[in-house]
Amino acid sequence: INAEYGDESENILTHLCCCYGPFTILQSFSLLLFICSFFSVNMSRLGGISAVKPMDDDVRSMVAVLKEDIESKTQKVYYTFEPVSYASQVVAGMNYFVKINVGDCYIHVRIFKGLAGALPVVESLQSGKTESDPITYF
C-alpha cells in the first residue's frame, strides 16, 4: 500500500491522532471503518487490470511484431490492423489487453511479456468485438 500511496496512510492516521487527541471507542471504531473502506476500495485494483489507456508506440510495436501470430490464431488475414487502446496487468511480467481495429470489427488480444527481456506471446484473443466493447480480463 505504501508503494502506491507513499506515506499517505500513515499521515492520515498521525494527523488524526495528533490533532484530535485521544479517541473514544466510537470514534476509534469509526476511524477504523474509514481506513478499512479506503484501502478495500483501492486494494481491489492491485493485481487487476489498469484503466484503459490510449495506444502508445511501445505497445503498438509489440502488437505489430505479433500480427502474423494473431492472424494465424484467428485464421484470417487483416488488411486493416490498427491497435487503438490497451489496459495492462502486472503479473510475473506484464499482461497487455489490446483492442485492435481489424476493419469490419475489433478484436481484443491478451499478450504476455515476461520479465528480463522475454519476447511477448499472444495468450488469448476475442473476436467479434465492437468499438464500444470495454476491455476486460479474459
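Residues numbered from 1 in each chain as written. Predicted model: local features only at pLDDT ≥ 70, side-chain atom pairs only at ≥ 80, totals over all residues. Heavy atoms only, no water.

Caption draft 1: Quick peek at the pairing of strand β3 (residues 93-101). Within β3, 8 of the 9 residues are buried, which leaves it mostly tucked inside the rest of the structure. Relative to β3, strand β2 (residues 82-91) is paired through 9 bridges, and the arrangement is antiparallel. Bridge pairing in β3 links serine 85 to lysine 99. Joining the antiparallel neighbours β2 and β3 is a turn of 1 residue. Counted between consecutive antiparallel strands, the loop separating β3 from strand β4 (residues 106-113) contains 4 residues, among which glycine 103 sits at a positive phi close to 100°. (Buried < 20%, exposed > 50% of the residue type's maximum accessible area, 1.4 Å probe, protein only. Helix = DSSP H or I, 4+ residues; strand = E, 2+ residues; numbered from the N terminus. Pairing = 2+ DSSP bridges.)

Caption draft 2: View of the packing of aromatic side chains. With the rule as written, the count across this model stands at 4 aromatic pairs. Seen in terms of ring centroids, phenylalanine 97 and phenylalanine 138 are 5.6 Å apart; in terms of plane orientation they differ by 75°. Their pairing is edge-to-face. Note that phenylalanine 97 is positioned in strand β3 and phenylalanine 138 in the segment after β5 (121-129), a separation of 41 residues in sequence. Its relative accessible area of 13% is what places phenylalanine 138 among the buried residues. (Phe/Tyr/Trp six-rings, centres within 6.5 Å; stacked < 30°, edge-to-face > 60°.)

Caption draft 3: Structural detail: helix α5 (residues 67-74). All of the buried residues along α5 are Ile70, Glu71 and Thr74. All buried residues of α5 fall inside an arc of 100° around its axis, so they share one side. Turned more than 90 degrees away from the buried face of α5, the exposed residues are Glu68 and Ser72. Those residues of α5 hidden inside the fold are in contact with β3, β4 and β5. Residue glutamine 75 follows α5 closely and has a positive phi angle near 55°. (Arc of directions from axis to C-beta. Contact = heavy atoms within 4.5 Å.)

Caption draft 4: Looking closely at the sheet that holds β3. Strands sit in the order β1-β2-β3-β4-β5 across an open sheet of 5 strands; the sheet is antiparallel. Because the sheet does not close on itself, it has two edges, and the strands there are β1 (53-54) and β5. Alignment of β3 against β4, held across 8 bridges, turns out to be antiparallel. By the bridge assignment for β4, isoleucine 100 is matched with isoleucine 107. Running over the sheet, helix α4 (residues 57-65) touches β2, β3 and β4 and is turned about 80° from β3. (Axes fitted to C-alpha atoms, helices over the stretch in contact; angles between N-to-C directions.)

Caption draft 5: Up close: α4. Every buried residue belonging to α4 is among Val59, Met62 and Val63, and all of these are buried. With its buried residues spanning 100° around the axis, α4 presents them on a single face. In α4, the exposed positions angled more than 90 degrees off the buried face are occupied by Asp57, Ala64 and Val65. Here the buried face of α4 lies against α5, β2, β3 and β4.

Caption draft 6: Highlighting the pattern of salt bridges. Scanning the model with the defined rule gives 3 salt bridges in all. Across the pair aspartate 57 and arginine 60 runs a salt bridge, and its minimum N-O distance is 3.6 Å. In this pair, aspartate 57 and arginine 60 both sit in helix α4, 3 residues apart, roughly one turn of the helix. Aspartate 57 gets classed as exposed once you look at its relative accessible area, which sits at 59%. For arginine 60, a relative accessible area of 30% corresponds to the partly exposed category. (Salt bridge = Lys/Arg side-chain N within 4 Å of Asp/Glu carboxyl O.)

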